[in-house]
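Chain by chain, the residues run as shown.
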Amino acid sequence: MQLQVMREKDNEAESEQSFKWYRDFFKRFFDIIFSLMAITIFAIPMLIIALVIEIDSPKEPIFFRQVRIGKNDVPFTILKFRSMSNDAPHQVATENFENPEQYITKVGKVLRKTSLDELPQLFNVLKGDMSVIGPRPLIPQETNVLAMRDEYGASRILPGITGLAQVHGRDEVTDESKAAYDGKYALNVSMLLDLSIFCKTVFDVVRSRGVREGKKF
């Protein structure tokens, strides 16, 4: 009986060690390889997008930079293609805009619908501010959601370009549900889960599923 209990503990320890190896080492390794490959593949498309944005509004910047909250609540600067006019409120989540159409540019509308505005975040992944898969990074002003994420343990891992909450409704789910999904992901990080989220994200992007501008309720 005692021998069986010891074997079960050894199996649990091996399982926990395997989980940590992926989360703490291999996941970062895959992020570096993936971001380097993706940046190489999308280099020309990103140059074209940058050129189109410059032609559309030459007096405004090509990239949008914003402070977001990262792992362990440490702030960092996220990089995206600018999809809104420069007078848009920068420290308000887009989903809380009263009239987002007032600020979204013609080019930006296409970029946001196809999620191409997110491509520069590959550089955030390469730098180590983000992961490919993880909770979406929030702005500092979203204190309620950040507090719920802390409670669920979601703030202990790197934020991602896409995550479990995004493939379960993205802009169509409540803040509490998002935090719960993020916490569930943080507790169950695995290669299989990351592959599943990545595949679902590609499917959702193709269908423009879950994209909603402005306030939900």
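Preceding block: the structure.
This is a predicted model, so every value here is computed, not measured. (Residues numbered from 1 in each chain as written. Predicted model: local features only at pLDDT ≥ 70, side-chain atom pairs only at ≥ 80, totals over all residues. Heavy atoms only, no water.)

Draft legend 1. A look at the overall build of the protein chain. A count of helical and extended segments in the protein chain gives 7 helices and 4 strands. Helices (α) and strands (β) of the protein chain occur, in sequence order from the N terminus, as α-α-β-β-α-α-β-α-β-α-α. (Helix = DSSP H or I, 4+ residues; strand = E, 2+ residues; numbered from the N terminus.)

Draft legend 2. Local environment of the pairing of strand β1 (residues 63-69). When β1 meets strand β2 (residues 75-81), the two strands line up antiparallel, connected through 7 bridges. Residue pairing across strands places Arg65 opposite Leu79, the latter belonging to β2. Two successive antiparallel strands, β1 and β2, enclose a turn made up of 5 residues, where Asn72 displays a positive phi of approximately 60 degrees. (Pairing = 2+ DSSP bridges.)

Draft legend 3. Expanded view of the packing of aromatic side chains. This structure, assessed with the given rule, holds 8 aromatic pairs. Centre to centre, the rings of Trp21 and Phe26 are 6.2 Å apart; their planes meet at 45 degrees, and the pair counts as tilted. The structure contains a cluster of three or more aromatic residues connected by ring pairs, namely Trp21, Tyr22, Phe25, Phe26, Phe29 and Phe30. (Phe/Tyr/Trp six-rings, centres within 6.5 Å; stacked < 30°, edge-to-face > 60°.)

Draft legend 4. Spotlight on empty space enclosed by the protein. Counted according to the given criterion, the structure contains 1 cavity of 30 Å³ or more. Quantified by volume, the largest cavity comes out at close to 100 Å³. Residue lining of the largest cavity: 14 residues in total, with Ile69, Gly70, Arg149, Ala154 and Ser155 positioned closest to the centre. Counted by class, the lining of the largest cavity contains 8 nonpolar, 2 polar and 4 charged residues. (1 Å grid on protein atoms, 1.4 Å probe; cavity = no way out; pocket = protein on both sides within 12 Å on 5 of 7 lines; lining within 4 Å. Points joined across faces, edges and corners; volume = space filled by probe spheres on them. Nonpolar A, V, L, I, M, F, W, Y, C, P; charged D, E, K, R; others polar.)

Draft legend 5. Layout of unusual backbone geometry. A positive phi is found at Asp73, a non-glycine position, where the angle reads about 65 degrees. Topologically, Asp73 is positioned in the loop between β1 and β2. The phi angle at Ser115 is positive, at roughly 65 degrees, despite the residue not being glycine. Relative to the elements of secondary structure, Ser115 occurs in the loop between α3 (106-114) and α4 (121-127).

Draft legend 6. Structural detail: the nonpolar core. Core analysis: the biggest nonpolar cluster contains 26 residues, and Phe81 and Tyr185 have the highest contact counts within it. Looking at this core, the elements with two or more residues in it are α1 (2-41), α2 (43-56), β2, α3, α4, β3 (131-133) and α6 (175-187). Top element by residues in this core is α2. It accounts for 4 residues. (Core = buried A, V, L, I, M, F, W, Y, C linked by side-chain atoms within 4.5 Å. Buried < 20%, exposed > 50% of the residue type's maximum accessible area, 1.4 Å probe, protein only.)

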